[in-house]
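Structure at a glance
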Amino acid sequence: QAYCLRALRAACAWSYAMTILCCSVEHLLVLFKLLHSPRLKVVSSSLELLFVCCAASSSVSSEDDGGSELSRGFESILEAAQAAGALHEQPPLEVVVSHLGCADLDVRLNALTLSNALLMAAPTPMQQRRLIFELDVLGANRSLLPLFEHAADERLLAQLDVYASLVGEVHLPDSWYA
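Here goes a summary of the coordinates provided.

So, how was this worked out
- Residues numbered from 1 in each chain as written.
- Predicted model: local features only at pLDDT ≥ 70, side-chain atom pairs only at ≥ 80, totals over all residues.
- Heavy atoms only, no water.
- Phe/Tyr/Trp six-rings, centres within 6.5 Å; stacked < 30°, edge-to-face > 60°.
- Helix = DSSP H or I, 4+ residues; strand = E, 2+ residues; numbered from the N terminus.
- Buried < 20%, exposed > 50% of the residue type's maximum accessible area, 1.4 Å probe, protein only.
- Lys NZ or Arg CZ within 6 Å of the ring centre and 35° of its normal.
- Salt bridge = Lys/Arg side-chain N within 4 Å of Asp/Glu carboxyl O.
- Contact = heavy atoms within 4.5 Å.
- Axes fitted to C-alpha atoms, helices over the stretch in contact; angles between N-to-C directions.
- Parallel < 35°, antiparallel > 145°, perpendicular 65-115°, else oblique.
- Left-handed = near helix turned anticlockwise from the far one by under 90°.
- Nonpolar A, V, L, I, M, F, W, Y, C, P; charged D, E, K, R; others polar.

A short note on the packing of aromatic side chains
Applying the stated rule across the entire model yields one aromatic pair. With a centroid separation of 5.5 Å and an interplanar angle of 75 degrees, the aromatic rings of phenylalanine 133 and tryptophan 176 are classed as edge-to-face. Highlighted residues: phenylalanine 133 in helix α8 (residues 125–137) and tryptophan 176 in the segment after α10 (154–168), separated in sequence by 43 residues. According to the relative accessible area criterion, tryptophan 176 is partly exposed, its value standing at 21%. When the ring centre of tryptophan 176 is taken as reference, the NZ or CZ atom of arginine 130 above it lies at 5.1 Å.

Here's the deal with the pattern of salt bridges
On inspection of all chains with the given rule, the structure shows two salt bridges. Across the salt bridge formed by arginine 155 and aspartate 106, the nearest N and O atoms sit 3.8 Å from each other. With a gap of 49 residues between them, arginine 155 in helix α10 and aspartate 106 in helix α7 (residues 105–121) connect regions that are remote in the sequence. Across the salt bridge formed by aspartate 153 and arginine 155, the nearest N and O atoms sit 3.3 Å from each other. By relative accessible area, which is 21% here, aspartate 153 ends up partly exposed. Connected through shared salt-bridge partners, Asp106, Asp153 and Arg155 make up one network.

Here's the deal with the side chain of serine 44
Relative to the helices and strands, serine 44 is located in helix α4 (residues 40–63). The buried category is assigned to serine 44, whose relative accessible area is 7%. In this structure serine 44 touches Asp106, Val107 and Asn110, once residues within four positions along its chain are discounted.

As for the environment of phenylalanine 74
By the secondary structure assignment, phenylalanine 74 is in helix α5 (residues 73–87). The class of phenylalanine 74 is buried, set by a relative accessible area of 3%. Sequence separation of phenylalanine 74 and methionine 120 is 46 residues, and the distance between their C-alpha atoms is 9.9 Å. Filtering out sequence-adjacent residues up to four positions away, phenylalanine 74 remains in contact with Ser57, Leu118, Ala121, Ala122, Pro123, Gln127 and Leu131.

Side note on the packing of α7 against α10
Where α7 meets α10, the closest approach of the two axes is 10 Å, and the angle between their N-to-C directions is 30 degrees. Here α7 is positioned roughly parallel relative to α10, judged by the angle of their axes. You can see that α7 and α10 cross each other, and the crossing is left-handed. Here Leu105, Asp106, Arg108, Leu109, Leu112, Thr113, Asn116, Leu119 and Met120 of α7 come into contact with α10, specifically with Arg155, Leu156, Gln159, Leu160, Val162, Tyr163, Leu166 and Val167. Grouping the amino acids of the contact of α7 with α10 by side-chain chemistry returns 11 nonpolar, three polar and three charged.

Side note on the packing of helix α9 (residues 140–150) against α10
Across the interface, α9 lies against α10 with an axial gap of 11 Å and an inter-helix angle of 130 degrees. With respect to α10, the element α9 is oriented oblique. Read as a crossing pair, α9 and α10 show a hand that is left-handed. Counting all contacts with α9, which are made through Ala140, Asn141, Leu144, Leu147 and Phe148, the residues of α10 involved are Leu156, Leu160, Tyr163, Ala164 and Val167. For the contact of α9 with α10, the per-class residue count stands at nine nonpolar, one polar and no charged.

Here's the deal with the environment of leucine 172
Of note, leucine 172 is situated in the segment after α10. Expressed as a C-alpha distance, the spacing of leucine 172 and arginine 130, which sit 42 residues apart in the sequence, is 8.5 Å. Beyond its immediate stretch of four places on either side in the chain, leucine 172 contacts Arg129, Ile132, Phe133 and Tyr177.

On their own, these measurements won't tell you what the molecule is for.
Right, here's the structure in full:
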């Protein structure tokens, strides 16, 4: 599986392959299913492909009027997360948040990078606030708080700074937590 995921990552250098992967809920669902793998390399590679798709859709969305297939990647990713969550009888992004506490640095880093990419790709401020709320309820902030004090890896620290800047500026209504 890990070799196949690396080949898929290499194929994404071609825009057509990227469009096929990132716009297909079925393909994204396979990546979300692989987040439950016992093999950390498979999990890490799946997270990486998901954040690349999310970042690609975000950059296309900011450049066009939403007419291209790739600009709908954010919705496709959330739809795949919803479907994967239903298959495992858990909230859509719970598996991503669970990997924020993984002992493996690459898995943890890629889970955080995916979380950041989703937050940055949210098409509206309301969708971003709802995503921040969902991540918080699932325990993302609890998992990340200790890392702010103890993380030594510069890549992880950079992603923590991005997360803090995205989440720290948003105030969620108290009624959402009731």
